[in-house]
Amino acid sequence: NQDRALILENEQTEQQQQETQQNSLLVGVFDGHGPGGEIVSEYARDELPIQLFSRLEEEKEEEDDEDMVVSLLKDTFVQVDASIPPGSSGGGCTATVSLQRGRRLYVANVGDSITMVAVYHSQTNLTDIVYLTREDKPHLPEERQRIESMGGSIRIPRGEELRYDSSRVLSIDPQTGIETGLAMSRSLGDWQFVGVIAEPIVDVVDWQSIQDEIIATSTNCDDDSDDDDDDDNDDTCTPTSADDIHFFVVAASDGLMDYIDPPTIADSFATAFFRRNNNNNNNNKTTKHHPLVVAKNLIHQSAQQWHADTGGQYRDDIVVAAAKVKNNNG
């Protein structure tokens, strides 16, 4: 298996949280590919947090210095890429990483793995995805322009090929003349593909602002309805508090995403993290929906689909990591 994942949490006491307002969480997935891809993904998983937290400590940045954190994430990805050991033999990996610093989630991504930020509403028992990374594909206009301006070549599938293939950046081995293609425009370690870069796209998700908006919206009940209206509006006019809103992060490789859609994944982990707490009187349900069991079941479902579609001849590596976003409400 060439895929790797990480979840790192900075546990703090309630007093420390109030003093620093800097709850810290790091969730990431690294999908290796090519010869030695497992070397690259394992190196990235181990080295990226070391370099990132070292840089954050050196800068002593404040929580609100958003530009500083974004810049450090980009620089860290580039430096990890530059320091990959040569023994990887031409392999590479994706990297999708979420860093929580207080009220903000910084999501950095290269490649076609994904990160989603979701919110579970305990009042309605519903789950919403509030953020989803894009897949870095060579055919995207801005990616194609960069690759070709740097001298790289792209192949875009046509017709029936679209059903089973992706746009690819091309590379020709100078010794063998064999052409290979990389199905992403950004990654770590794929130096032989001209135009493919390691600098991630970094988005910032302010979960606190989203929470405040949800609470504000829930208190705007429609006072214009007639008294003799039915009671269907009662639920929608029930004010929501911070205790009813729960954020979490999921990162996954394309081996999972090819067969299981983001809403299904998000809803499964919402059950694991939050809904199961309402079923404490049923030990079987609680065990069934443990996060590790949910992750295993999702991987198994995807693996079955791979087997059915390829006749057991091929199955992409699959990895998923998920964690609750830590807030000052517990």
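Every value quoted in this text rests on a predicted model; they were computed, and no experiment measured them.

The rules behind the values
What you see as residue numbers is a count from 1 along each chain, following the sequence as written. Only residues with pLDDT of 70 or above have their local features reported here, since the model is predicted, and side-chain atom pairs are shown and tallied only from 80 upward, although totals for entire chains, interfaces and linings are computed over all residues. Only hydrogens and water are set aside when side-chain values are computed; all heavy atoms of the structure are taken into account. Note: two strands are recorded as paired if DSSP finds a minimum of 2 bridges between them. Runs of E in the DSSP output that reach at least two residues are strands. Runs of H or I that reach at least four are helices, and both are numbered from the N terminus. Every angle, taken between N-to-C directions, lies between 0 and 180 degrees, and every axis is a line fitted to C-alpha atoms, over only the stretch in contact when it is a helix. The contact rule is simple, with two residues in contact once any of their heavy atoms fall within 4.5 Å. In summary, the pairing rule links any two rings of Phe, Tyr or Trp, Trp by its six-membered ring, whose centres are within 6.5 Å, and it sorts them by plane angle into stacked for under 30 degrees, edge-to-face for over 60 and tilted for everything else. Remark: exposure states derive from per-residue accessible area (1.4 Å probe, protein chains only) relative to the maximum for the residue type, with buried under 20%, exposed over 50%, and partly exposed in between. Salt bridges are counted wherever a side-chain nitrogen of Lys or Arg sits within 4 Å of a carboxyl oxygen of Asp or Glu. Here roughly perpendicular refers to angles of 65 to 115 degrees, roughly parallel to angles under 35, roughly antiparallel to angles over 145, and oblique to all remaining angles. A crossing counts as left-handed when the near helix is turned anticlockwise from the far one by less than a right angle, and as right-handed when that turn is clockwise. Any residue that is not Ala, Val, Leu, Ile, Met, Phe, Trp, Tyr, Cys, Pro, Asp, Glu, Lys or Arg is counted as polar, Gly included; the first ten are nonpolar and the last four charged. The span you would expect from a helix comes to 1.5 Å times its residue count less one. Any N or O atom pair separated by 3.5 Å or less is treated as a polar contact, with the protein-specific requirement of one donor-capable and one acceptor-capable atom, and with residues adjacent in sequence counted only for side-chain atom pairs.

1. A look at the sheet that holds strand β6 (residues 114–121)
In a beta sheet, neighbouring strands pair by backbone hydrogen bonds and run either parallel or antiparallel. The strand order across the open sheet built from four strands is β7-β6-β12-β13, with neighbouring strands paired in antiparallel fashion. In the strand order of this sheet, the two ends are held by β7 (126–132) and β13 (320–324), each with one partner. Geometrically, the sheet is characterised by an average inter-axis angle of 25 degrees between neighbouring strands, direction not taken into account. Its contacts with the sheet put helix α5 (residues 207–218) on β6, β7 and β12 (245–252), and the angle it makes with β12 is roughly 135 degrees.

2. Observations regarding the packing of aromatic side chains
All told, the structure shown has eight aromatic pairs when counted by the stated rule. Taking 5.9 Å as the distance between ring centres and 65 degrees as the angle between the ring planes, the aromatic pair formed by F248 and F273 counts as edge-to-face. Linking F248 in strand β12 with F273 in helix α7 (residues 262–273), this pair joins segments that are 25 residues apart in sequence. Assigned by exposure class, F248 and F273 land together as buried. Cluster of aromatic residues (ring-pair linked, three or more members): Y120, F248, F269, F273 and F274.

3. Topic: the pattern of salt bridges
This model, assessed by the stated rule, comprises twelve salt bridges. Taking the shortest distance from any N to any O, the salt bridge between R134 and E143 comes out at 3.1 Å. The salt bridge involving E143 is made with R186; its shortest N-O contact spans 3.0 Å. Taken together, the residues span a long stretch of sequence, with E143 in helix α4 (residues 141–149) and R186 in the loop between β10 (179–182) and β11 (201–206) at a distance of 43 residues. When sorted by exposure, E143 lands in the same class as R186, which is buried. Residues participating in the shared-partner salt-bridge network are R134, D136, E142, E143, R146 and R186.

4. Quick look at the packing of helix α2 (residues 37–59) against helix α3 (residues 66–82)
In the contact formed by α2 and α3, the axes pass within 9 Å of each other and the chain directions differ by 140 degrees. The pairing of α2 with α3 is recorded here as oblique in orientation. Crossing hand, α2 versus α3: right-handed. Taking contact as the criterion, the partners of Y43, A44, E47, L48, Q51, L52, R55, L56 and E59 in α2 are, on α3, M68, L72, L73, D75, T76, F77, Q79 and V80. Grouping the amino acids of the contact of α2 with α3 by side-chain chemistry returns ten nonpolar, three polar and four charged.

5. What to know about the environment of V119
The residue V119 is located in strand β6 in this model. Among residues more than four places away in sequence, those in contact with V119 are L126, T127, D128, V130, I214, I245, H246, F247 and F248.

6. A word on α7
Given a rise of 1.5 Å per residue, twelve residues ought to cover 16 Å, and the 16 Å separating the end C-alpha atoms of α7 matches this to within 8%. Of the surrounding elements, those touching the buried residues of α7 are β6, β7, β12, α6 (254–257), α9 (291–310) and β13. Where α7 begins, the capping side chain belongs to D261, and its oxygen is found 2.8 Å from the backbone nitrogen of T264.

7. Quick notes on α9
Between the first and last C-alpha of α9 there are 29 Å, a value that for 20 residues agrees with the 28 Å anticipated at 1.5 Å per step. Buried within α9 are the following residues: P291, V294, A295, L298, S302, A303 and W306. Elements that come into contact with the buried residues of α9 comprise α6, α7 and β13. Immediately beyond the C-terminal end of α9, within one or two residues, lies G311, with a positive phi of roughly 65 degrees.

8. Side note on the side chain of R4
With respect to the helices, strands and loops of the structure, R4 is situated in strand β1 (residues 3–10). One polar contact links the side chain of R4 to the main-chain carbonyl oxygen of N1, over a distance of 2.8 Å. With residues near it in sequence (within four places) discarded, R4 still touches G28, V29, F30, E38, S41, E42, R45 and V319.

9. A closer look at unusual backbone geometry
Among all residues save glycine, negative phi is the norm, and among peptide bonds the norm is trans. We note that N125 has phi near 65 degrees; this positive angle belongs to a residue other than glycine. Position of N125 among the secondary structure elements: in the loop between β6 and β7.

10. Points about the sheet that holds strand β8 (residues 153–155)
Taken together, three strands build an open sheet; the order of strands is β8-β9-β10 and the sheet is antiparallel. Since the sheet does not close on itself, it has two edges, and those belong to β8 and β10, each with one partner. Each neighbouring strand pair of the sheet contributes to a mean axis angle of 45 degrees, computed without reference to strand direction. Bridge count for β8 against strand β9 (residues 168–172) is three bridges, and the pairing is antiparallel. From the neighbouring strand, R155 faces β9, where its bridge partner is R168.

11. Side note on the side chain of S41
Relative to the assigned elements, S41 resides in helix α2. Among the polar contacts made by the side chain of S41, one reaches the main-chain carbonyl oxygen of E38 at a distance of 3.2 Å. Setting aside anything within four residues of it in sequence, one finds S41 in contact with Q2, R4, F30, G32 and C93.

Nothing here speaks to function; it is geometry throughout.
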